[in-house]
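Architecture and fold: a report
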Amino acid sequence: MILDRALMGYDLSPEEGLVLLQQSDASSIAAICTTADKLRHRQAGDTVTYVINRNINFTNICEQHCSFCAFRRDAGDEGAYWLDWTAILEKTKDAVKRGATEICMQGGLNPAAQINGKSLFYYLKLVKTIKQEFPHLHLHAFSPQEVQFIARTDGLSYAEVIAALRDAGVGSMPGTAAEVLDDEVRRILCPEKINTATWLEIVSTAHKLGLHTTSTMLSGHIENPTQQIQHLEKLRSLQKTAVNKEYPARITEFILLPFVGQEAPKPLRRRVGRDQPVLKDALLLTAVARIFLGNWIPNHQPSWVKLGLPGAIAALNWGCNDIGGTLMEEHITTMAGAIGGTCMEVETLQSAIASLGRPYQQRDTLYHRVSC
């Protein structure tokens with residue numbers, strides 16, 4: 001039986017993972033949940049971790065037009081913004097006062113974001129603006145898409161861009177812009193974004209150069225279960241490469257990001273046919289992701305922004321061991337119509353975790369424990 005093999009410590013094949021994802025019988029789904037929870041206990045323990053962090057989405061001006069995005073604007077549009085250095089520093093100072101150990105920084109692909117005609121110089125100043133004032137802060141910044149944007153704009157290699165950002169003070173890379181790592185899906189969802197091979201190449205390059213990354217999947221839109229499993233298989237293979245080749249960095253966590261369509265552009269919204277994630281679908285995929293990836297990526301996190309806190313707490317019984325961060329502000333998902341809010345107080349997270357009878361522990365970005 002597939003679940004018995006998983007509990008014996010074997011990696012499941014994509015075919016076995018697909019069988020799990022296609023289950024509809026309540027008793028079978030309950031068995032998948034139980035297995036994922038047992039593996040979570042074995043691979044990550046019972047303590048639920050969280051990080052005190054702040055999101056800074058420094059601009060929503062973007063040259064691309066992803067079919068799911070309600071965040072982007074063109075320069076001059078109503079609601080378009082581009083934070084100046086003072087605003088970025090003020091947000092960082094506020095985060096530090098509130099105990100943050102991490103700043104997560106991503107933004108739109110703004111062609112005007114250059115210094116002396118170079119995109120890289122602008123991004124380096126973003127980093128240095130924060131790190132010069134707060135050298136102890138971990139900067140979790142710039143997705144593979146942003147790395148490709150800088151490299152393409154400036155005629156640089158991915159390695160040159162990543163090394164420059166790392167040397168300036170970036171501590172890790174968000175594994176966003178992955179959406180679903182299937183080019184058929186990407187042609188519809190985000191046709192202007194990097195393709196699957198480029199995303200994988202940039203993340204692997206980051207691992208070679210000592211920059212840890214996270215990993216994500218945007219689920220519950222036009223993708224099918226086969227494409228979901230293929231996405232997970234690509235992530236597992238990427239992690240195996242980092243481990244087997246003894247790269248100095250690897251994937252630290254997997255985060256499932258269920259699609260929120262309430263304010264998404266109308267063509268995709270009509271095609272998907274609903275505004276909010278289906279919790280039962282998200283929980284089954286959460287459990288299968290734990291079973292499929294857990295031997296290689298032990299930390300799994302739900303999105304309270306997308307699922308709401310009750311949904312995220314439910315996911316802690318379906319294979320997740322981390323509740324994510326406080327965020328303090330969040331624009332990309334909130335502008336899409338998410339119901340989870342933009343800020344979570346530490347005490348709220350702690351109380352929610354405690355309601356499950358599990359201990360909680362503050363961590364840093366790389367999953368080292370932080371003394372409160």
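None of the values given here were measured: they were computed from a predicted structure. (Residues numbered from 1 in each chain as written. Predicted model: local features only at pLDDT ≥ 70, side-chain atom pairs only at ≥ 80, totals over all residues. Heavy atoms only, no water.)

Here we come to the overall build of the protein. Of the regular secondary structure elements, the protein holds 14 helices and ten strands. Relative to a compact globule of 372 residues, whose C-alpha radius of gyration would be 21 Å, the protein shows 20 Å and is just as compact. The C-alpha extent of the protein, read off along each of the three principal axes, is 60 × 45 × 40 Å. Within the protein, buried positions represent 58% of all 372 residues. Excluding contacts between residues fewer than 6 apart, the proportion of contacts in the protein whose partners are at least 24 apart in sequence is 76%. With an accessible surface of roughly 14,700 Å², the protein has 51% of that area assigned to carbon and sulfur atoms. Computed over 37 positive and 39 negative side-chain charges, the separation of the two mean positions in the protein equals 1 Å. (Helix = DSSP H or I, 4+ residues; strand = E, 2+ residues; numbered from the N terminus. Rg over C-alpha atoms; globule rule 2.2 N^0.38 Å. Buried < 20%, exposed > 50% of the residue type's maximum accessible area, 1.4 Å probe, protein only. Contact = heavy atoms within 4.5 Å. Areas by Shrake-Rupley, 256 points an atom, 1.4 Å probe, with all protein chains shown as cover. Lys, Arg positive; Asp, Glu negative; His and termini not counted. Charge placed at Lys NZ, Arg CZ, Asp CG, Glu CD.)

A separate point is the sheet that holds strand E1 (residues 48-51). Read from one edge to the other, the open sheet built from three strands follows the order E9-E1-E10, with strand pairing classed as parallel. Two strands bound the open sheet, and with one partner strand each, they are strand E9 (322-325) and strand E10 (360-362). Going across the sheet, the axis of each strand differs from the next one's by a mean of 20°, ignoring polarity. Looking at chain direction, E1 and E10 are connected through three bridges and run parallel. What sits directly across from Val-48, in E10, is Tyr-360. Taken strand by strand, helix H14 (residues 346-354) contacts E1, E9 and E10, and its axis lies near 170° from that of E1. (Pairing = 2+ DSSP bridges. Axes fitted to C-alpha atoms, helices over the stretch in contact; angles between N-to-C directions.)

With that out of the way, let us pick up unusual backbone geometry. Negative phi is the rule for most residues except glycine; trans is the rule for most peptide bonds. Here the phi dihedral of Glu-246 falls at roughly 55°; this positive angle occurs in a residue that is not glycine. By the secondary structure assignment, Glu-246 is in the loop between helix H10 (225-244) and strand E7 (251-258). Judged by its relative accessible area of 68%, Glu-246 is exposed. Its identity as a non-glycine residue notwithstanding, Tyr-367 has a phi of 70°, on the positive side.

The subject of this paragraph is the UniProt feature "binding site: [4Fe-4S] cluster" (unreviewed entry) in the protein. Within the UniProt annotation, "binding site: [4Fe-4S] cluster" (unreviewed entry) is assigned to Cys-62, Cys-66 and Cys-69. For Cys-66, the position within the fold is in the loop between strand E2 (53-57) and helix H4 (85-97). (UniProt positions renumbered as here; feature names shortened; annotations may be inferred.)

Attention shifts here to empty space enclosed by the protein. Taken as a whole and judged by the stated rule, the model has three cavities of 30 Å³ or more. By volume, the second largest cavity is sized at about 40 Å³. Every residue lining the second largest cavity is listed: Phe-254, Leu-256, Thr-286, Ala-289, His-300, Gln-301, Pro-302 and Cys-320. Elements supplying a minimum of two residues to the lining of the second largest cavity: E7, helix H12 (279-293) and strand E8 (300-301). Residue composition of the lining of the second largest cavity, by class: five nonpolar, three polar and no charged. (1 Å grid on protein atoms, 1.4 Å probe; cavity = no way out; pocket = protein on both sides within 12 Å on 5 of 7 lines; lining within 4 Å. Points joined across faces, edges and corners; volume = space filled by probe spheres on them. Nonpolar A, V, L, I, M, F, W, Y, C, P; charged D, E, K, R; others polar.)

This paragraph deals with the environment of Arg-166. When you line up the elements, Arg-166 lands in helix H7 (residues 158-168). Judged by its relative accessible area of 30%, Arg-166 falls in the partly exposed class. Between the alpha carbons of Arg-166 and Leu-209 there is a distance of 8.5 Å; along the sequence they are 43 residues apart. Apart from residues lying up to four places away in sequence, Arg-166 is in contact with Leu-209 and Leu-211.

Moving on, we come to the UniProt feature "binding site: S-adenosyl-L-methionine" (unreviewed entry) in the protein. Summarizing the sequence annotation, UniProt attributes the feature "binding site: S-adenosyl-L-methionine" (unreviewed entry) to Phe-68 and Glu-179 in the numbering used throughout. Judged by maximum C-alpha separation, these annotated positions cover 112 residues in sequence but sit close together in space, the widest gap being only 10.1 Å. Relative to the assigned elements, Phe-68 resides in the loop between E2 and H4. A residue is classified by how much of its surface remains accessible, and Phe-68, at 15% relative accessible area, is buried. In this structure, Glu-179 sits in the loop between strand E5 (170-173) and helix H8 (183-189). Residue class for Glu-179 comes out buried when judged on its relative accessible area of 8%. Ignoring sequence-local partners within four residues, the contact set of Glu-179 consists of Phe-68, Arg-186, Leu-189, Cys-190, Lys-193, Thr-216, Met-217, Leu-218 and His-231. In terms of polar contacts, Glu-179 uses its side chain to reach the side chain of Lys-193, at 2.4 Å. (Polar contact = N/O pair within 3.5 Å; in protein donor to acceptor, adjacent residues only side chain to side chain.)

Take the pattern of salt bridges next. Counted by the stated rule, this structure contains 15 salt bridges. Close ionic contact of Glu-233 with Arg-236 constitutes a salt bridge, the shortest N to O distance being 2.9 Å. Within this pair, Glu-233 and its partner Arg-236 are both found in helix H10, separated by three residues, close to a single helical turn. By relative accessible area, which is 5% here, Arg-236 ends up buried. In this structure, a network of salt bridges that share partners links the residues Asp-37, Arg-40 and Asp-46. (Salt bridge = Lys/Arg side-chain N within 4 Å of Asp/Glu carboxyl O.)

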